[in-house]
Amino acid sequence: MEKERTEVDELDRSIYDFRYEEKDFYRVREGLTEEIVLEISKEKNDPEWMRKKRLEALKIYNELKVPDWGPDISGLNIDDIVTYVRPNTAMKGSWDEVPEDIKNTFERLGIPQAERKSLAGVGAQYDSELVYHNVKDEVSELGVVYTDMESALTGEYEQMVRDHFMKLVPPTDHKFAALHGAVWSGGSFVYVPPGVRVDIPLQSYFRLNAAGAGQFEHTLIIVSEGAELHFIEGCSAPKYNVANLHAGCVELYVGKNAKLRYSTIENWSKNMYNLNTKRAICEEGGIIEWISGSFGSHVSYLYPSSILKGDDSHAEFTGITFAGSGQNLDTGAKMVHIGKRTSSFINTKSISKAGGISTYRSSVIITEGAVDSKASVSCASLMLDDISRSDTVPAMDIRTDRADVGHEAKIGRISDDAVFYLMSRGIPEEDAKAMIVSGFADPVSKELPLEYAVEMNNLIQLEMKGAIG
Amino acid sequence: MALLEIKDLCVAVEDNEILKDISISIGKGETHVLMGPNGAGKSTLGNALMGNPSYRVTKGRIFFNGLDIKDESPDRRAKAGMFMSFQNPLEIPGISLSSFIRNAIILQTGQKIKLTEFRKSLSDNMKLLSFDSAYKDRDLNVGFSGGEKKKAEILQMLMLKPKFAILDETDSGLDVDAVRTVSEGIREYQKQKDGALLIITHSTRILDSLSVDRTHILVKGRIVASGDGSLVDEVNLNGFEKYM
């Protein structure tokens, strides 16, 4: 009997792996100098304060060292990375006006369909700039602002942006936060006024098309007192032979008794260095929920963090990471309890196969004043073969004895007995394994909006094809 | 021609030879019983027949429907019409009992099954087994009690309609009522589908209401006696001592 054997990594990813000729685009030279930073700033018509901020960030960038505690990133040389590539178009409010090749890109990824079906607003970023932006009227009428960062920077929300931009993630945080501060472009600004509940999600989609480029989008979301929002972020890029870099930054401000859910499906190509920083701060009674699926990239450093500043605030992180051949994904979450009676839950699943390395890394900090707080961490890993690796590095720093902290870690292999059981019902080996992996991922897929749950299951099927042989 | 023909079969687990020169021939629609004390190798035979890769056939042949299936994978054996009810069914989170059965039917037959037809048949069979219909939407075997797991196995057998089914200790760990309903399901399979059976058991409770064509006694990896259904009663009376 002939077994089906597929070379997965490049072949089957074709829905993400197509790319268009990069023509007539404006791009700055490779590398990072003051000259380049000023050129980006000029190109983007930054206000003076932003220009200064960029230069400060550059100075910090030059002073900071590359992190030495995680996966190797020596393959990444910033001198080879183009930090700014502007597509040959201004931002459009109507899908028809978006240039043909860019439109084709997003249509192949299913973006406009998703918008028509179930979203309140969409922003689509191509390389360094947003090329399409649209918000449903009924959402705008509620006073909700969803716009590209550049417009927010010079419009009526300038002061609000200035008060929040890189305040939660300062450039001094780490070297790539500083890099982001110097060369950021694109991304989204969302403001939800007090008491407004946005029932359908807003979405942004980031697509990096240019070879050897970096994407540094900035997402700033402010959810005011008593308001509610679900924001979805999707990312993809085609595969090139040169390294690409993603060093985005997400800053989320959750007001008193407000609630924000932030969902991400990240499917960068497998030459991408994904060094992304995401952070949320919750006021009294505020709730932040992170849903995070990491499938792509060559190397990832990703630990969304939640600062529970207000009393009775709450954070949840649900994540799944799938590391295949040539991937080293270091993911997890950070929870900082400051307010009284704050609570946090971390629930992660990681899968590694074909030599992939998946590391779960988390940090839970309960400060002295965070009395009667609760934290629970549960991480499970599944290794599909003997050459793959999985590690867990959960750190806890508890400064009060009035806290309830739980931790559970499981590392396992796919059970031969379970595979045999399914096969005895007529299910071929590959499907049986995919079924077990999907089941393992189920608690996360359940949390995703339907289309994304389907996309995630497709990604798992895609990754599992060719897992055998 | 027999439906299942086992010839001089030797089976090893790792380096230990467990079964020695087993020969059994089961005809279409026949019910055979395999009895023997604990550790005799009864479950080993079931696993080897179904193709569990941990059980290595070192000698002999297995023919099913005239085809040599010794080297076929378990899913190919299932597609050919074989089935095994597991002694310890595994818990598979993320897929409901009902969609699992439906997937298995589609994968085995290569044909779609009408949803209404499937639901009706599932509901009828669950009733027959006194199996609470809420279980169809629960994840496969996850958190099921021992009895519910066994009912789920028999339900799969009734839905997948194999030509031949191995029941590995299906009665173990069941209370009297559960044994009765499970027997009901097995009788239905014998009657309606004209299915052949190899019932592996070390007690005889499950056989009370079933008609048995042949009985084999397995001791220390060898078949030490074979006879008709009356051999079951004899074992019931005297145990295995005289064969040890």
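Being a predicted model, the structure only gives us computed values, none of them experimental. (Residues numbered from 1 in each chain as written. Chains lettered and ligands numbered in written order. Predicted model: local features only at pLDDT ≥ 70, side-chain atom pairs only at ≥ 80, totals over all residues. Heavy atoms only, no water.)

Visitor: Residue-level account of unusual backbone geometry, with values.
Guide: Residues and elements named next belong to chain A. The backbone phi angle of Ala354 is positive, close to 50°, even though this residue is not glycine. With respect to the helices and strands, the residue Ala354 is situated in the loop between β21 (343-352) and β22 (357-366). Of note in this structure, Asp372 is not a glycine but carries a positive phi near 60°. Tracing the sequence through the fold places Asp372 in the loop between β22 and β23 (373-383). (Helix = DSSP H or I, 4+ residues; strand = E, 2+ residues; numbered from the N terminus.)

Visitor: Explain the pattern of salt bridges to me, using residue names and the numbers behind them.
Guide: Residues and elements named next belong to chain B. Going through the model one piece at a time under the given rule, you end up with 31 salt bridges over all chains. Between Glu169 and Lys42 there is a salt bridge, with the nearest N and O atoms lying 4.0 Å from each other. Within this pair, whereas Glu169 is found in the loop between β7 (164-168) and α6 (176-193), its partner Lys42 is found in helix α1 (residues 42-50), the two being separated by 127 residues in sequence. With relative accessibility at 5%, the residue Glu169 sits in the buried group. For Arg76, the salt bridge is made with Glu72, and the minimal N-O distance between the two is 3.7 Å. (Salt bridge = Lys/Arg side-chain N within 4 Å of Asp/Glu carboxyl O. Buried < 20%, exposed > 50% of the residue type's maximum accessible area, 1.4 Å probe, protein only.)

Visitor: Break down helix α11 (residues 416-423) of chain A for me, citing the residues and quoting the values.
Guide: For an α-helix, 3.6 residues make a turn, and residues three or four places apart therefore share a direction. Most of α11(A) sits inside the fold, with 6 of its 8 residues counted as buried. Listed in full, the buried residues belonging to α11(A) are Ala418(A), Val419(A), Phe420(A), Tyr421(A), Leu422(A) and Met423(A). On its buried side, α11(A) packs onto α12 (429-445) of chain A together with α1, α2 (74-80), β6 (82-85), α3 (97-109) and α5 (146-160) of chain B. (Contact = heavy atoms within 4.5 Å.)

Visitor: Break down the interface of chain A and chain B for me, with residues and values.
Guide: How big an interface is tends to be stated in terms of accessible area lost as the parts join. At the interface, 16 residues of chain A touch 32 residues of chain B. Summing the contributions of chain A and of chain B, the shared interface buries around 1900 Å²; its carbon and sulfur component is 72%. The salt bridge involving Glu153(B) is made with Arg425(A); its shortest N-O contact spans 2.6 Å. Counting the contacts that link chain A with chain B gives 8 residue pairs in polar contact (both at pLDDT 80 or more). Only α11 and α12 of chain A provide two or more residues apiece to the side of chain A that touches chain B. Tallying contributions element by element places α11(A) first for the side of chain A that touches chain B, with 6 residues. Considering only residue class, the side of chain A that touches chain B consists of 9 nonpolar, 4 polar and 3 charged. (Buried area = accessible area lost by both parts, 1.4 Å probe. Polar contact = N/O pair within 3.5 Å; in protein donor to acceptor, adjacent residues only side chain to side chain. Nonpolar A, V, L, I, M, F, W, Y, C, P; charged D, E, K, R; others polar.)

Visitor: I'd like to hear about the packing of helix α4 (residues 115-128) of chain B against α5(B), residue by residue, with values.
Guide: All names here are of chain B. Look at α4 against α5: their axes get within 10 Å of each other, and the N-to-C directions meet at 135°. With respect to α5, the axis of α4 lies oblique. At the point where α4 passes α5, the crossing takes the right-handed sense. Counting all contacts with α4, which are made through Phe118, Ser121, Leu122, Asn125, Met126 and Leu128, the residues of α5 involved are Leu155, Leu158 and Met159. (Axes fitted to C-alpha atoms, helices over the stretch in contact; angles between N-to-C directions. Parallel < 35°, antiparallel > 145°, perpendicular 65-115°, else oblique. Left-handed = near helix turned anticlockwise from the far one by under 90°.)

Visitor: Kindly report on the confidence of the model for chain A, identifying the contributing residues and their values.
Guide: Averaged over all residues, the pLDDT of chain A is 85; the fraction at 70 or higher stands at 86%. This model gives residues 1-13 of chain A a pLDDT under 50, and the stretch forms 30 contacts once residues within four places in sequence are excluded. (pLDDT = per-residue confidence, 0-100.)

Visitor: Pulling in residues and values, what's your account of the state of the cysteines?
Guide: A covalent bond bridging the sulfur atoms of two cysteines is what the word disulfide describes. Residue and element names in this part refer to chain A. A complete count under the given rule lists 0 disulfides over all chains for this structure. With no disulfide of its own, Cys282 lies closest to Cys249 among cysteine sulfurs, the gap being 16 Å. The exposure class assigned to Cys282 is buried, which follows from its relative accessible area of 0%. (Disulfide = S-S within 2.5 Å.)

Visitor: Can you explain the sheet that holds strand β8 (residues 196-201) of chain B? Please cite residues and give values.
Guide: All names here are of chain B. If you trace the 6 strands from one edge of the open sheet to the other, you get β6-β7-β8-β3-β9-β10, paired in mixed fashion. For this open sheet the edge positions go to β6 and β10 (222-227), each flanked by a neighbour on one side alone. Adjacent strand axes in the sheet meet at a mean angle of 20° when their direction is disregarded. Direction of pairing for strand β3 (residues 31-35) relative to β8: parallel, over a ladder of 5 bridges. Residue pairing across strands places Leu34 opposite Ile200, the latter belonging to β8. Most of the contacts of α5 go to β6, to which it runs at about 165°, and overall it touches β6, β7 and β8. Across the sheet, helix α7 (residues 230-238) lies against β3, β9 (214-219) and β10, angled at about 45° from β9, the strand it touches most. (Pairing = 2+ DSSP bridges.)

Visitor: Give a description of the sheet that holds strand β5 (residues 67-68) of chain B that names residues and reports values.
Guide: Residue and element names in this part refer to chain B. One open sheet holds the 4 strands; their spatial order is β2-β1-β4-β5, and the pairing between them is antiparallel. Of all strands in the sheet, those bounded by a partner on one side alone are β2 (16-26) and β5. Where strand β1 (residues 4-13) lies against β2, 7 bridges are found, and the strand directions are antiparallel. Bridging from a neighbouring strand, Leu4 pairs with Ile26 of β2.

Visitor: Could you give me a rundown of the confidence of the model for chain B, with the residues and numbers involved?
Guide: For chain B, the average pLDDT comes to 92, and 100% of its residues sit at 70 or higher. Per-element confidence in chain B is highest for β6(B), whose mean pLDDT is 97, and lowest for α7(B), whose mean pLDDT is 86.

Visitor: How would you summarise the packing of aromatic side chains if you had to cite specific residues and measurements?
Guide: Residues and elements named next belong to chain A. A complete count under the given rule lists 15 aromatic pairs over all chains for this structure. Aromatic pair Trp69 and Tyr301: ring centres 5.3 Å apart, planes at 75°, arrangement edge-to-face. On the criterion of sequence distance, the pair formed by Trp69 in the loop between α4 (48-63) and β2 (85-86) and Tyr301 in strand β17 (residues 299-302) is long-range, its members being 232 residues apart. Look at Trp69 and you get partly exposed, because its relative accessible area is 44%. An angle of 50° between the planes, with centres 5.9 Å apart, marks the rings of Trp69 and Tyr303 as tilted. With Trp69 in the loop between α4 and β2 and Tyr303 in the loop between β17 and β18 (305-308), this pair connects stretches of sequence that are 234 residues apart. Site record: aromatic cluster; members linked through ring pairs are Tyr146, Phe231, Tyr262 and Trp290. Across from the ring centre of Trp184, 5.8 Å away, lies the NZ or CZ of Lys44, which sits over that ring. The residue whose ring lies beneath Lys349 is Phe440, and the NZ or CZ to ring-centre distance is 4.9 Å. (Phe/Tyr/Trp six-rings, centres within 6.5 Å; stacked < 30°, edge-to-face > 60°. Lys NZ or Arg CZ within 6 Å of the ring centre and 35° of its normal.)

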